[in-house]
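# Inside the fold
Okay, here's what each chain looks like letter by letter:
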Amino acid sequence: SQQGEEDPQALSIQEGENATMNCSYKTSINNLQWYRQNSGRGLVHLILIRSNEREKHSGRLRVTLDTSKKSSSLLITASRAADTASYFCATDAGSGNTGKLIFGQGTTLQVKP
Amino acid sequence: NAGVTQTPKFQVLKTGQSMTLQCAQDMNHEYMSWYRQDPGMGLRLIHYSVGAGITDQGEVPNGYNVSRSTTEDFPLRLLSAAPSQTSVYFCASSPRTASGANVLTFGAGSRLTVL
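Sequence order as written defines residue numbering, which begins from 1 separately in each chain. Written order decides the labels, with chains lettered from A and ligands numbered from 1. The predicted nature of this model means local features are confined to residues of pLDDT at least 70 and side-chain atom pairs, given and counted, to a pLDDT of 80 or more, with totals for whole chains, interfaces and linings taken over all residues. Only heavy atoms go into the side-chain values, all of them from the structure, while hydrogens and water stay out.

### Structural notes on the overall build of chain A
Helix and strand labels come from DSSP, where a helix needs a run of H or I of at least four residues and a strand needs a run of E of at least two; each type is numbered from the N terminus. Check the secondary structure of chain A and you find 0 helices and 11 strands. Ordered by position from the N terminus, the helices and strands of chain A form the series β-β-β-β-β-β-β-β-β-β-β. Each principal axis of the C-alpha atoms in chain A carries an extent, and together these give about 40 × 30 × 20 Å. For chain A, with 113 residues in total, the buried portion stands at 45%. Here, residues are in contact when the closest pair of their heavy atoms is within 4.5 Å. Here the analysis covers contacts within chain A between residues at least 6 apart in sequence; of these, 57% occur between residues at least 24 apart. With residues, only the protein chains shown are counted as cover, and all accessible areas are computed by Shrake-Rupley using a 1.4 Å probe. For chain A, the accessible surface area stands at approximately 5100 Å², while carbon and sulfur atoms represent 44% of it. Averaged over its 13 positive side-chain charges, chain A has a centre that lies 4 Å from the centre of its 10 negative ones. Exposure classes here rest on a 1.4 Å probe applied to the protein chains alone. A residue is buried below 20% of its type maximum, exposed above 50%, and partly exposed in between. Here Asp and Glu are counted as negative and Lys and Arg as positive; His is not counted, and neither are the chain ends. Note that the charge is assigned to NZ on lysines, CZ on arginines, CG on aspartates and CD on glutamates.

Written as C-alpha cells, this is what we have:
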C-alpha cells in the first residue's frame, strides 16, 4: 500500500489566496519531499525536509513536518494561475540511500485567475 | 543536459504483445526507478536499481522485467501486455548522496494503451 495519503484530493482557490495541502504517512522516514506535476508532464522536485527538521521555506513554499503525527503540510502563499498542478508528497519509507520513494495519491490544485 | 529521456512517448499495444520502454539518463546517477501512474492512484513503484547489475522489485512488479547493464540505461519490459497495464509510465533517476536524501529527476513519461 502507498506510504502517503494526501488531503484534500482537490482544491480550487482564487489567485492571491494561500493553498494548504496535507500529507500523512505510515512508517518512519529519513526525509519527506514534495513534487509538482503539471498536466501531461513529469514530476518536478519542489522541496525536501529531513526528519529532524520541523519547518522549511523556499520562496512562496512552506513545508512543515510533524514526525510524532506522521504528517506534513505544504503551504503555497499568494498563489498564481501558474501554480495550477498536482502536488505529491513522497517519503523514503526509511529505506535510506536507495533512490526509492513512495508517493502519495496527490492533491490537484486549481488556481483561478 | 538532456536529463532523463523516455521513449516512446505514446504506444498502443494489443493484449499479449511485448514491448520495451526505454529510459536513459546522462547525469551519471547511480539510482534509477520506474513508476506507473493511474488516475486516483498516484505513482506506484514498479522496479528500481541502485547501480549497474543490481535491480529490485517495487510495489507492483508483476508483468514487468528490468535490467541495468549500464549506469545510463534502465529499460522496462512488458513480456505479455494486459489491459491492466494501460497507464502512464515514468522513469526517474537520482544520485547517491552522503546524506541519503535522494531527489528524483523524472522523465516526461510514456503513455501506454493496451487493447
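Now that the structure has been shown, the text picks up again.
### A look at the interface of chain B and chain A
Each side of the interface is counted separately: chain B has 26 residues, and chain A has 23 residues. Defined here as a combined quantity, buried area equals the accessible surface (1.4 Å probe) lost by two parts on assembly, summed across both. Interface of chain B and chain A: buried area, both sides summed, is about 1900 Å²; carbon and sulfur atoms make up 53% of it. Of all residues in chain B, Leu43, Asn102 and Phe106 of chain B give up the largest surface area on contact with chain A, accounting jointly for 22% of the area buried on that side. In what follows, salt bridge is the name for a side-chain nitrogen of Lys or Arg lying within 4 Å of a carboxyl oxygen of Asp or Glu. The interface formed by chain B and chain A includes 0 salt bridges. Among the secondary structure elements, those contributing two or more residues to the side of chain B that touches chain A are strand E4 (31-38), strand E5 (42-51) and strand E9 (87-94) of chain B.

### Things to note about the sheet that holds strand E3 (residues 19-25) of chain B
All names here are of chain B. Taken in spatial order, the 4 strands make up an open sheet running E1-E3-E8-E7, and their pairing is antiparallel. Strands with a single pairing partner mark the edges of an open sheet, and in this sheet they are strand E1 (4-7) and strand E7 (64-66). Neighbouring strand axes in the sheet, compared pairwise and without regard to direction, differ in orientation by 20° on average. Two strands are counted as paired when DSSP detects at least two bridges linking them. Axes here mean lines fitted to C-alpha atoms, for a helix over just the part in contact, with angles spanning 0 to 180 degrees between N-to-C directions.

### Re the environment of proline 8 of chain A
Residue and element names in this part refer to chain A. Note that proline 8 resides in the loop between strand E1 (5-7) and strand E2 (10-14). Proline 8 gets classed as partly exposed once you look at its relative accessible area, which sits at 22%. Sequence-wise, proline 8 and threonine 107 are 99 residues apart; in three dimensions their C-alpha atoms are separated by 6.1 Å. Apart from the residues lying within four places of it in its own chain, the contact partners of proline 8 are Thr20, Gly106 and Thr107.

### Quick look at the pattern of salt bridges
Residue and element names in this part refer to chain B. Per the stated rule, a full pass over the model turns up 4 salt bridges over all chains. Of the charged contacts in the structure, one is a salt bridge between arginine 36 and aspartate 38, with a shortest N-O distance of 2.9 Å. Among the salt bridges present, the one from aspartate 38 reaches arginine 44, with a minimum N-O distance of 2.8 Å. For the pair aspartate 38 and arginine 44, a shared accessibility class is recorded, and that class is buried. Through salt bridges with shared partners, a single ionic network connects Arg36, Asp38 and Arg44.

### Looking at the state of the cysteines
Pairs of cysteine sulfur atoms within 2.5 Å are what we label disulfides. In total, this model carries 2 disulfides over all chains according to the counting rule given. Each sulfur in the disulfide pair cysteine 23 of chain A and cysteine 89 of chain A lies 2.0 Å from the other. Linking cysteine 23 of chain A and cysteine 89 of chain A, the disulfide has an S-S dihedral of approximately 70° and is accordingly described as right-handed. Residue cysteine 23 of chain A is located in strand E3 (residues 19-24), and its partner cysteine 89 of chain A is located in strand E9 (residues 85-91); the two are separated by 66 residues in the primary sequence. Each of the two residues, cysteine 23 of chain A as well as cysteine 89 of chain A, counts as buried. Across the disulfide, cysteine 23 of chain B is cross-linked to cysteine 91 of chain B (sulfur-sulfur distance 1.9 Å). On the sign convention where negative is left-handed, the bridge of cysteine 23 of chain B and cysteine 91 of chain B, at about -75° about the S-S bond, is left-handed. A residue pair is termed long-range when its members are at least 10 positions apart, and cysteine 23 of chain B in strand E3 and cysteine 91 of chain B in strand E9 qualify at 68 residues.

### Examining the nonpolar core
In this description, a nonpolar core means a group of buried Ala, Val, Leu, Ile, Met, Phe, Trp, Tyr and Cys residues linked to one another through side-chain atoms lying within 4.5 Å. Ranked by size, the top nonpolar core spans 20 residues in total, and within it Met21, Leu32, Trp34, Leu74, Ile76, Tyr87 and Leu109 of chain A carry the most contacts. Of all the elements in the fold, those that place two or more residues in this core are E3, strand E4 (31-37), strand E5 (43-50), strand E7 (61-66), strand E8 (71-76), E9 and strand E11 (107-112) of chain A. When residues no more than four places from it in sequence are discounted, the contact partners of isoleucine 76 of chain A are Glu17, Asn18, Ala19, Met21, Arg60, Leu61, Asp83, Tyr87 and Leu109 of chain A. In terms of nonpolar packing, the next biggest core, distinct from the first, is built from 19 residues, Leu13, Trp34, Ile46 and Val66 of chain B among them.

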